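# Summary of structural features
Listed below, chain by chain, are the residues.
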Amino acid sequence: FLVGVNVKQARYNTRSEMWGVNESLDELGRLCETAGMEVAGREYQTMQHPSASTFIGSGKLEEVAAKLNTIEGNVIIVFDEELTP
């Protein structure tokens, strides 16, 4: 399951990048498939600052958890960002 964040720099402007969040998650999905994983879904959130504890907001975290509960078997969540413990 893929998770990404579209980080906003200013109140109404999204950070300008070569790739948007969808293109980045597409590439991450291809990398996961190359590694032998099956991508079961994806979610992203647009926010000013990613959460230090969960990367995504608590509401989006609940949405992702609900979706993961419907998937049978082992699930790996892959974030489109480096995370620290």
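Up top is the structure.
Residues numbered from 1 in each chain as written. Predicted model: local features only at pLDDT ≥ 70, side-chain atom pairs only at ≥ 80, totals over all residues. Heavy atoms only, no water.

As a further point, take the sheet that holds strand β1 (residues 2-7). As summarised here, the arrangement of the three strands in space is β2-β1-β3, forming an open sheet in which the pairing is parallel. Of all strands in the sheet, those bounded by a partner on one side alone are β2 (42-47) and β3 (78-79). Sheet analysis places β1 next to β3, joined by two bridges and oriented parallel. For L2, the partnering residue across the bridge sits in β3 and is V78. Packed on one face of the sheet, helix α1 (residues 21-34) meets β1, β2 and β3 and runs near 155 degrees to β1. (Pairing = 2+ DSSP bridges. Helix = DSSP H or I, 4+ residues; strand = E, 2+ residues; numbered from the N terminus. Contact = heavy atoms within 4.5 Å. Axes fitted to C-alpha atoms, helices over the stretch in contact; angles between N-to-C directions.)

Turning our attention to the nonpolar core. F1, V3, V5, V7, M47, F55, I56, V64 and L68 form the largest nonpolar core, which has nine residues in total. Elements with a minimum of two residues in this core: β1 and α2 (58-68). A per-element tally of this core places β1 first, with three residues. Listed in part, the six residues of the second largest apolar core include V21, L25, L28 and V78. (Core = buried A, V, L, I, M, F, W, Y, C linked by side-chain atoms within 4.5 Å. Buried < 20%, exposed > 50% of the residue type's maximum accessible area, 1.4 Å probe, protein only.)

Before going further, it helps to examine the side chain of S24. Residue position: S24 is located in helix α1. Those residues in contact with S24, other than ones at most four positions away along the chain, are W19 and D80.

Once that is clear, we can look at unusual backbone geometry. Positive phi, close to 70 degrees, is recorded for F55, a residue that is not glycine. The topology assignment puts F55 in the loop between β2 and α2.

For α1, spanning 14 residues, the distance from its first C-alpha to its last is 20 Å, which sits close to the expected 20 Å at 1.5 Å a residue. Every buried residue of α1 is listed here: V21, S24, L25, L28, G29 and C32. Taken end-on, α1 shows its buried residues confined to a sector of 140 degrees, consistent with a single buried face. Buried residues belonging to α1 abut β1, β2 and β3. Looking one or two residues beyond α1, the residue adopting positive phi is G36, at roughly 95 degrees. (Expected span 1.5 Å × (residues − 1). Arc of directions from axis to C-beta.)

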